[in-house]
Structures are given as C-alpha cells and as structure tokens.
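Summary of structural features
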Number of protein chains: 2
Amino acid sequence: MVEGMVTMAGAGRDCSIANALGVIGERWSLLALREVLLGERRFDQIARNTGASRDILSARLRTLVERGVLAKVQYQERPPRYEYIPTEAGRALRPIMLGLMEWGDRYVTDGPGPTRWEHDCGAELHPEMVCGHCHAPVLPGTTRLVRLGQVR
Amino acid sequence: MVEGMVTMAGAGRDCSIANALGVIGERWSLLALREVLLGERRFDQIARNTGASRDILSARLRTLVERGVLAKVQYQERPPRYEYIPTEAGRALRPIMLGLMEWGDRYVTDGPGPTRWEHDCGAELHPEMVCGHCHAPVLPGTTRLVRLGQVR
DNA sequence: GGTGATAGGTTGGATTATTGGACCGACATC
DNA sequence: GATGTCGGTCCAATAATCCAACCTATCACC
C-alpha cells in the first residue's frame, strides 16, 4: 500500500544513493520531475509529455509531494485546479537531470541530443562535476573513501 | 521478456533522460553499479550488499552488460567464475552517483551521510555541477533552452 | 569418501506493480 | 444541448518482482 520502493530500506548497504532512489527512483518519477522543471505543471500535460498512465502518474506525484520534492498548489477555485511546483529539494535535482541527459546523449541516444541547453557563457551546455571546494574535476583517481556505509 | 522499461521508449518526449533511464533506471541497476564502482565485482557480494534478490540481480546485470555499462569477465576457469567490471560508460556514471549521494545526504538521509569521500585537495567531497566550458556553476537562471525534444 | 564453503546462477509459486482504457464531477465554450 | 477541459479514480488483464529453495561445479578439510 505504501510504496514498493520503501521495502528497499530494509536491507543492503546503508547509503544515501539508496535513500535517494527510495524517493525518486521509481519509474516515471524523474520524468514527471523533468516536466515540472521544464515548466509543465499541470497533470494532463505531464501525463501527455511523459507517456505515463494517469493513475500511476497520480501515485508518483503524490509520493513526490509527500517526500517534499514537489508542492501541489491550487491555482483556481471552482473548479479546483492544481499545479505541481518544485520545492528546493526538487530544484536541487536539476544538476542530476542534466548529468543524466549528458550521459544519455553520449552513451544511449543515437545522433545529436534531442534537447539542448546553452549556458550564459554562450557555449552549448555540457555539465561537469567538480569538487565544491577546489573546483577540480571529480575524476576516479582523485577521491579517497573516508567512510563507507555498513551492510545491514 | 525483454525488459519492461523498453516499452517506455514508445511514448512521451524524445529525451536523453528517458533514454538513460531505459538503461539504468530500473530498480537495483544503480545500486549494483554502485557496488561495482566501489570495487565489489562478484555476484554474491553484489547481492549481499544491495539486498536485491538473486534472480532480479542476475537479470539486471545481464541488461547492464548488454547495454554496455558493465563487462562480464572470466577471472578463472574450472570452475568458471566471472566478475563484473565497469566500462567507460559505467565509469561515466560516477559523477551522477556522487550527485545522487549528495542529494540523498542533504534531503533524505537523517544525520550525517553514511558514506563520505575526500578529494585530493583535502576537503570532504561535496560535488558541484559546472559548465564544462566556463566552469561556472550551473544554476537555474544561467541556462537557456535551445532545442526541446518533441512529444511523440 | 563425506561435509561444508564458495561461486553463480535457475526455477517455482505467490505477491505486487503497471498498463490502457473507461468513467466521473465540475465547470466553460460553442 | 453538445462538446471539451481538467484532475483525477476505478477496473481487469498483464507483467514484473519477491523470496526461498534448488542446482552444478570446485576446493579445502578431515
């Protein structure tokens, strides 16, 4: 009844990746969020643009609201109409979406990427992950594991 | 028989995020990849550390190999034993995993993150997404949509 | 020779999730 | 009055997932 993904917390490594996926890892969740971040905030439009069936989308939006990724706001009375807007946590997923897009463009999608962004600097956007402190790229050899979550 | 996720390509917006999720978006796929990137490359160990059931994990690893994210390499004969190692595409997902970890630490996990990394510069790793060209942070107001995938 | 451990799965049966489509109430517009 | 929009819910059929048990093969030990 709750959500299947929740059972995931019961075993495996204690890990924020697993915890994050417990919130946004179910099918359609990220695609719904993609639409909201693109500015599509109405149920019907999100349904059309993702291809999700309406009842699953309804369930996903509900969990995303419960978990604080989206907020559901009434924008008119009579008849009551709602829109979904991203919370701070939702907006914080934007870099991850762009990272996924970059990865998909490079390793999955044939031909040029169907969606393209330009940065303020004028260049086509190809995001890169850097250390928040020294701003050097985060490459495999440049990090050291300090502490690892235990397997429960 | 193929994979449920594949049907996703049939509708919705033409989008590399959706395409990427078609490869790595199923449950357990990213957690299996997490273990491989942490250096756990044997089936039993991945099963224990993720908490996935063995048959599902077996299916997920097979798709990840088919799709070029992992490679399955025999490391001994008699009895034949295999290990899973990341391909270039798999290693390219490391920044996304770190981004997910950062997001989970901040918005989902209670208390301090269970897993922590240190960068070469000496600081605890808090990755950040920047423009690959000018190296400025990718903030919501600093990008412009040039082209958007069509809804099919 | 027998027992147990390790490795990498497969099989079966029960439980859940997902799907597409139909349907609904409250309007608004033609 | 008919049709359309919006934000969903409900339904039956299908598909995926889960867990436990089992299997094959080898090695180590006694």
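These notes cover the structure that comes with them. Since we're looking at a predicted model, the values are computed, not measured. (Residues numbered from 1 in each chain as written. Chains lettered and ligands numbered in written order. Predicted model: local features only at pLDDT ≥ 70, side-chain atom pairs only at ≥ 80, totals over all residues. Heavy atoms only, no water.)

**Some details on the relation of the copies chain A and chain B**
Inclusion rule: To superpose the copies, least squares is applied to the C-alpha atoms of every residue with a pLDDT of at least 70 in both. Every residue pair with non-hydrogen atoms within 4.5 Å of one another is taken to be in contact.
Superposition record for chain A on chain B: RMSD 0.1 Å, screw rotation 180 degrees, translation along axis 0.0 Å. Taken together, these values place the two copies in the relation of a two-fold axis. Measuring from the rotation axis to each C-alpha of chain A, the shortest distance belongs to Met129 of chain A, at 2.3 Å. Both copies share a contact surface, since 100% of the interface residues of chain A are interface residues in chain B too.

**Some thoughts on the environment of Leu31 of chain A**
Note the cut-off: In DSSP terms, a helix is any run of H or I states spanning at least four residues, a strand is any run of E spanning at least two, and both are numbered starting from the N terminus.
Residue position: Leu31 of chain A is located in helix H2 (residues 29-38). Along the backbone, Leu31 of chain A and Asn49 of chain A are 18 residues apart, and their C-alpha atoms lie at a distance of 8.8 Å.

**Overview of the protein's contact with DNA strand C**
We count it as follows: A cutoff of 4 Å decides nearness: a residue is near a molecule or strand if any of its heavy atoms lies inside that distance of it. Any pair of nitrogen or oxygen atoms within 3.5 Å is treated as a polar contact; in protein, a donor-acceptor pairing is required on top of that, and neighbouring residues in sequence qualify only through side-chain atoms on both sides. Gly falls in the polar group here, along with every residue not listed as nonpolar (Ala, Val, Leu, Ile, Met, Phe, Trp, Tyr, Cys, Pro) or charged (Asp, Glu, Lys, Arg).
Taken together, 21 residues sit near DNA strand C, with Arg60 of chain A together with Arg54, Arg81, Tyr82 and Tyr84 of chain B positioned nearest. Among the atoms of DNA strand C lying within 4 Å of the protein, the sugar-phosphate backbone contributes 57%. Within the side chain of Asp55 of chain A, a nitrogen or oxygen atom sits 3.1 Å from a base oxygen of DNA strand C. Within the backbone of Tyr82 of chain B, a nitrogen or oxygen atom sits 2.5 Å from a phosphate oxygen of DNA strand C. Among the secondary structure elements, those contributing two or more residues to the surface near DNA strand C are helix H4 (54-66) of chain A together with helix H3 (43-50), helix H4 (54-66), strand S1 (70-76) and strand S2 (81-86) of chain B. With four residues, the top contributor of residues to the surface near DNA strand C is H4 of chain B. Class assignment for the residues of the surface near DNA strand C results in six nonpolar, three polar and 12 charged.

**Focus on the pattern of salt bridges**
The condition that has to hold: Salt bridges are identified by distance alone: a Lys or Arg side-chain nitrogen within 4 Å of an Asp or Glu carboxyl oxygen. Burial classes follow relative accessibility: with a 1.4 Å probe on protein chains only, a residue under 20% of its type's maximum area counts as buried, one over 50% as exposed, and anything between as partly exposed.
For the structure shown, the criterion picks out 10 salt bridges over all chains. In this structure, the salt-bridge partner of Arg34 of chain A is Glu35 of chain A, at a minimum N-O distance of 3.0 Å. Classification of Glu35 of chain A by relative accessible area gives buried; the value is 0%. The shortest N-O distance in the salt bridge between Arg13 of chain B and Glu35 of chain A comes to 2.7 Å. With Arg13 of chain B in the segment before helix H1 (16-24) and Glu35 of chain A in helix H2, this pair bridges two chains. Each of the salt bridges in this network shares a partner with another, and the network as a whole consists of Arg13 of chain A together with Arg34 and Glu35 of chain B.

**Let's talk about the protein's contact with DNA strand D**
Lining the immediate surroundings of DNA strand D are 24 residues, of which Arg54, Ser58 and Lys72 of chain A together with Asp55 and Arg60 of chain B lie closest. Taking all atoms of DNA strand D within 4 Å of the protein, the share assigned to sugar and phosphate is 61%. Within the contact set of DNA strand D, a base nitrogen lies 2.4 Å away from a side-chain nitrogen or oxygen of Arg54 of chain A. Secondary structure elements with two or more residues in the surface near DNA strand D: helix H3 (43-50), H4, strand S1 (70-76) and strand S2 (81-86) of chain A together with H4 of chain B. The element best represented in the surface near DNA strand D is H4 of chain A, accounting for four residues. In terms of residue class, the surface near DNA strand D is built from eight nonpolar, three polar and 13 charged.

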